[in-house]
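Residue-level listing of the chains:
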Amino acid sequence: MAESREPTPPSVWRNPIHFLAFGFGSGALPKAPGTWGSLVALPFVLLWQQLPPGGYALVLVLSTLLGIWLCHRTAADLGVHDHGGIVWDEFVGVWITLWLAPPGWLWLLIGFLLFRLFDIWKPWPIGWADRHVSGGLGIMLDDILAGIMALLVLLALTAIPGLA
């Protein structure tokens, strides 16, 4: 879980690694940085949805690997376990949630809400991973799991006749 809200370090605006880890600056917002980071990630979904599912999956793998490094490096540079403003993990989590979602704003909204629910609620194994895995992988893993759980619920909703 992110530590209490520390001030945004000035390096976010000077260091491109920190700028990416802070979700292009969205994590610098003083209230609900994870929610803002998730919202800023949504327009990218519109791009990723233009790819075939395998292409979108490749984006997920590459952004996850990049995120493990970005989050680790930024947290280490800042001397904290998981600064509340680091939101690249939220980007990847919401991208995972919406990987196989039908097109349309309704599905973006449902996916966003499902991801935020799982990311905040942290049922097992999300909460366990959040408490027991450290480093860049630890920062990313709880959001990856929240994204997977939200994706599964989203796919179940699309299977309801007449809803998709």
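Just above sits the structure.
Residues numbered from 1 in each chain as written. Predicted model: local features only at pLDDT ≥ 70, side-chain atom pairs only at ≥ 80, totals over all residues. Heavy atoms only, no water.

Draft legend 1. Representation of the environment of L60 within the structure. Looking at the secondary structure, you find L60 in helix α3 (residues 53–78). Linking L60 and G84, residues 24 residues apart in sequence, is a C-alpha distance of 22 Å. Apart from the residues lying within four places of it in its own chain, the contact partners of L60 are W95, I96 and W99. (Helix = DSSP H or I, 4+ residues; strand = E, 2+ residues; numbered from the N terminus. Contact = heavy atoms within 4.5 Å.)

Draft legend 2. Highlighting helix α5 (residues 105–121). The first and last C-alpha atoms of α5 sit 24 Å apart over 17 residues, in line with the 24 Å expected at 1.5 Å per residue. Turning to α5, its buried residues number three or more, namely W107, L108, G111, F112, L114, F115, R116, F118 and D119. Looking one or two residues beyond α5, the residue adopting positive phi is K122, at roughly 55 degrees. (Expected span 1.5 Å × (residues − 1). Buried < 20%, exposed > 50% of the residue type's maximum accessible area, 1.4 Å probe, protein only.)

Draft legend 3. Structural view of the packing of helix α2 (residues 33–48) against helix α4 (residues 88–97). Contact pair α2 / α4: the axes reach a minimum separation of 8 Å and the direction vectors enclose 50 degrees. By the angle between their directions, the pair α2 and α4 is classed as oblique. The hand of the α2/α4 crossing is right-handed. Note on element contacts: α4 touches α2 through E90, F91, V94 and W95, opposite G34, G37, S38, V40, A41, L42, F44, V45 and W48. When the residues that make up the contact of α2 with α4 are grouped by side-chain class, the tally is nine nonpolar, three polar and one charged. (Axes fitted to C-alpha atoms, helices over the stretch in contact; angles between N-to-C directions. Parallel < 35°, antiparallel > 145°, perpendicular 65-115°, else oblique. Left-handed = near helix turned anticlockwise from the far one by under 90°. Nonpolar A, V, L, I, M, F, W, Y, C, P; charged D, E, K, R; others polar.)

Draft legend 4. Local environment of the nonpolar core. Within the largest apolar cluster, 39 residues are counted, with the highest numbers of intra-cluster contacts made by Y56, I86, W88, V94, W95 and L98. Of all the secondary structure elements, the ones that give two or more residues to this core are α1 (16–21), α2, α3, α4, α5, α6 (126–132) and α7 (135–158). Broken down by element, the residue count for this core peaks at seven residues, all from α7. Ignoring any residue separated from it by four or fewer positions in sequence, one finds W95 in contact with A41, F44, V45, W48, Y56, L60, S63 and W88. (Core = buried A, V, L, I, M, F, W, Y, C linked by side-chain atoms within 4.5 Å.)

Draft legend 5. Highlighting α3. Here α3 spans 36 Å end to end across 26 residues, near enough to the 38 Å set by a 1.5 Å rise per residue. Every buried residue of α3 is accounted for by Y56, V59, L60, S63, T64, G67, L70, C71, T74 and A75. Considering only its buried residues, α3 is in contact with α1, α2, α4 and α7. The first or second residue beyond α3 is G79, which carries a positive phi of 75 degrees.

Draft legend 6. How the structure looks around the packing of aromatic side chains. Under the definition given, this model contains 13 aromatic pairs. For the pair F24 and W88, a centre-to-centre distance of 6.5 Å together with 65 degrees between the ring planes defines the contact as edge-to-face. In this pair, F24 sits in the loop between α1 and α2 while W88 sits in helix α4, placing the two residues 64 residues apart along the sequence. Using a relative accessible area of 6% as the deciding quantity, one classes W88 as buried. Between the aromatic rings of F91 and W95, the centroid separation amounts to 5.7 Å while the plane-to-plane angle is 70 degrees, which identifies the pairing as edge-to-face. Of the two residues, F91 and W95 are both situated in helix α4; the distance of four residues between them amounts to about one turn of the helix. By relative accessible area, which is 2% here, W95 ends up buried. (Phe/Tyr/Trp six-rings, centres within 6.5 Å; stacked < 30°, edge-to-face > 60°.)

Draft legend 7. Representation of unusual backbone geometry within the structure. Cis geometry marks the peptide bond from W124 to P125, where omega comes out at 0 degrees. Mapped onto the fold, P125 is located in the loop between α5 and α6. A positive phi is found at F24, a non-glycine position, where the angle reads about 60 degrees. Its identity is not glycine, yet A32 carries a phi of approximately 50 degrees, on the positive side. The partly exposed category is assigned to A32, whose relative accessible area is 42%.

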